[in-house]
Amino acid sequence: MIPDLPIEELARRYNNGAAVPDWQETLLPRWQRESERVRDDAGGLRDVVYGPHERNRLDVFTPAGAPPPHGWPTLVFIHGGYWQRLYKDDWSVIAAPFIANGMAAVILGYTLCPQTTIRGIADEIETAISYVWKAAGGLSVNRDRLALAGHSAGGHLTAWCMTTDWAARGLPATPFVAATAVSGLFDLEPLVPIYLNEALKLDNAEALAMSPAYRTRRVSCEFTAAVGGAELPEFGRQNALLGAAWQDVREWTLPGLNHFSIIDQLTRDDTALFAHVAKALR
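Just so we're clear, the structure is a prediction, and the values are computed from it rather than from any experiment.

Rules used throughout
- Residues numbered from 1 in each chain as written.
- Predicted model: local features only at pLDDT ≥ 70, side-chain atom pairs only at ≥ 80, totals over all residues.
- Heavy atoms only, no water.
- Buried < 20%, exposed > 50% of the residue type's maximum accessible area, 1.4 Å probe, protein only.
- Helix = DSSP H or I, 4+ residues; strand = E, 2+ residues; numbered from the N terminus.
- Pairing = 2+ DSSP bridges.
- Right-handed = clockwise from strand over helix to strand, strands pointing away.
- Expected span 1.5 Å × (residues − 1).
- Arc of directions from axis to C-beta.
- Contact = heavy atoms within 4.5 Å.
- Salt bridge = Lys/Arg side-chain N within 4 Å of Asp/Glu carboxyl O.
- Axes fitted to C-alpha atoms, helices over the stretch in contact; angles between N-to-C directions.

Remarks on the pairing of strand E5 (residues 141-151)
Along E5, eight of the eleven residues are buried, which leaves the element largely enclosed by surrounding structure. In terms of strand pairing, E5 meets strand E6 (residues 178-182) through five bridges, oriented parallel. Note on E6: the bridge partner recorded for Leu148 is Ala179. Handedness of the E5-helix H7 (residues 153-161)-E6 crossover: right-handed.

Printed below as a string of C-alpha cells:
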C-alpha cells in the first residue's frame with residue numbers, strides 16, 4: 001500500500017540519511033574500526049564462498065578455544081543499506097558481543113542493486129543460509145542453534161526468510177530458533193514512486209510479490225519486529241503492518257533510538273536487544 005502522501009513527503013519518510021545526517025561521519029567509521037579489530041582478533045573463517053558471485057561471501061566469527069561438541073550457537077546477521085549500499089566487512093562489529101559471550105556470529109555478504117534485484121538478493125540470502133546449515137560442522141556452527149537477525153533491508157530479508165520453503169532447499173521447515181527484524185521494511189510498494197527505486201527497479205507487482213507482509217509465513221520460530229522510537233514514521237508503520245499481517249509477532253519499539261543508533265544495541269552486550277537475541281542461543 002502506498003500512503004496517500006505527496007511524493008516529496010513519502011520520500012522524506014524513507015530518507016534515513018537526511019533524518020540522521022551525521023551517521024556516516026560518526027557511527028559508521030566507529031563500526032568500521034571496530035569491525036577491523038574483530039576481523040583481526042576473532043577466531044573462525046573469513047570470506048567463505050557460498051555462491052558464484054563476487055559478493056557471495058560470508059564471515060564466521062567464533063570464540064577462542066575448542067567449540068562445543070555440536071558447534072557454537074550462532075547468530076546469522078544480514079546487513080542493511082537499502083539493498084544497494086555497504087558490505088559485510090562493515091558489520092563484523094555485530095559479532096563482538098556474541099563471541100565475548102560464548103556464541104558465534106555469521107555475517108552475510110550479498111550482491112547489491114542495481115547489479116541484481118531484490119528477488120536476486122533474497123535468493124542469495126537463502127543460498128547463504130542453506131550453505132551455513134549444510135556446512136555447519138566444518139564451520140564449527142551448531143545448526144540446531146541458529147538465530148537470524150537483520151537491520152533495515154536486512155530486516156526485510158529476515159522477514160522474507162520467515163516465508164521461505166526451507167524444506168525445498170533440504171533444510172528443516174524451521175531452521176532457526178528465533179528471528180529478529182530490526183527497523184525492517186515489509187511492504188515495498190511505497191518505494192516504487194520514490195528516489196530509492198532508481199537502483200531497485202521495482203514495479204508495483206514485483207514490489208508486492210517481494211513484500212513479506214503480503215506473503216504467507218512458513219517458519220514457526222519466535223519472531224520479533226523491532227523499531228526505534230525516534231525513527232521516521234514509515235518505519236513504525238511498517239513494523240505495525242507486519243505485526244497485523246502475521247500471527248505471533250512481538251512488536252517492539254525501543255524508545256529514543258533512530259534508524260542507526262538502534263544498531264548499537266547489537267554491538268554491545270549490555271542492551272535489551274542483545275539480551276533478547278542472545279537468549280534464544282544460550
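Things to note about helix H3 (residues 27-41)
For H3, built from 15 residues, the straight-helix expectation of 21 Å at 1.5 Å per residue is met to within 8% by its first-to-last C-alpha distance of 21 Å. For H3, the complete set of buried residues consists of Leu27, Leu28, Trp31, Ser35, Val38 and Arg39. One side of H3 carries all its buried residues, which in axial view fall inside an arc of 95°. Exposed residues lying more than 90 degrees from the buried face of H3 are Arg33, Glu36, Asp40 and Asp41. Close packing links the buried residues of H3 with strand E1 (43-49), strand E2 (57-62) and helix H4 (96-100).

Some thoughts on the environment of Gly170
Residue placement: Gly170 occurs in the loop between H7 and E6. Residue classification places Gly170 among the partly exposed residues on the basis of a relative accessible area of 49%. Between the C-alpha atom of Gly170 and that of Trp133, which follows or precedes it by 37 residues, the distance is 9.6 Å.

Examining the pattern of salt bridges
Any two side chains of opposite charge can pair, given that their charged atoms come close. On inspection of all chains with the given rule, the structure shows 15 salt bridges. One salt bridge connects Arg169 with Glu126, and the closest N-O pair in it is separated by 3.0 Å. Of this pair, Arg169 sits in the loop between H7 and E6 while Glu126 sits in helix H5 (residues 118-134), and the two are 43 residues apart along the sequence. For Arg169, a relative accessible area of 21% puts it in the partly exposed group. With relative accessibility at 11%, the residue Glu126 sits in the buried group. Among the charged side chains, a network of salt bridges with common partners joins Arg39, Asp47, Asp59, Lys88 and Asp89.

Observations concerning the sheet that holds E5
Pairing in this open sheet of eight strands is mixed, and the strands run E1-E2-E4-E3-E5-E6-E7-E8 from one edge to the other. The outermost strands of the open sheet, each flanked by one partner alone, are E1 and strand E8 (249-254). Direction aside, the axes of adjacent strands within the sheet are offset by 20° on average. Against the sheet, H5 contacts E1, E2, strand E3 (72-78), strand E4 (104-108) and E5, and its axis sits at roughly 155° relative to E5.

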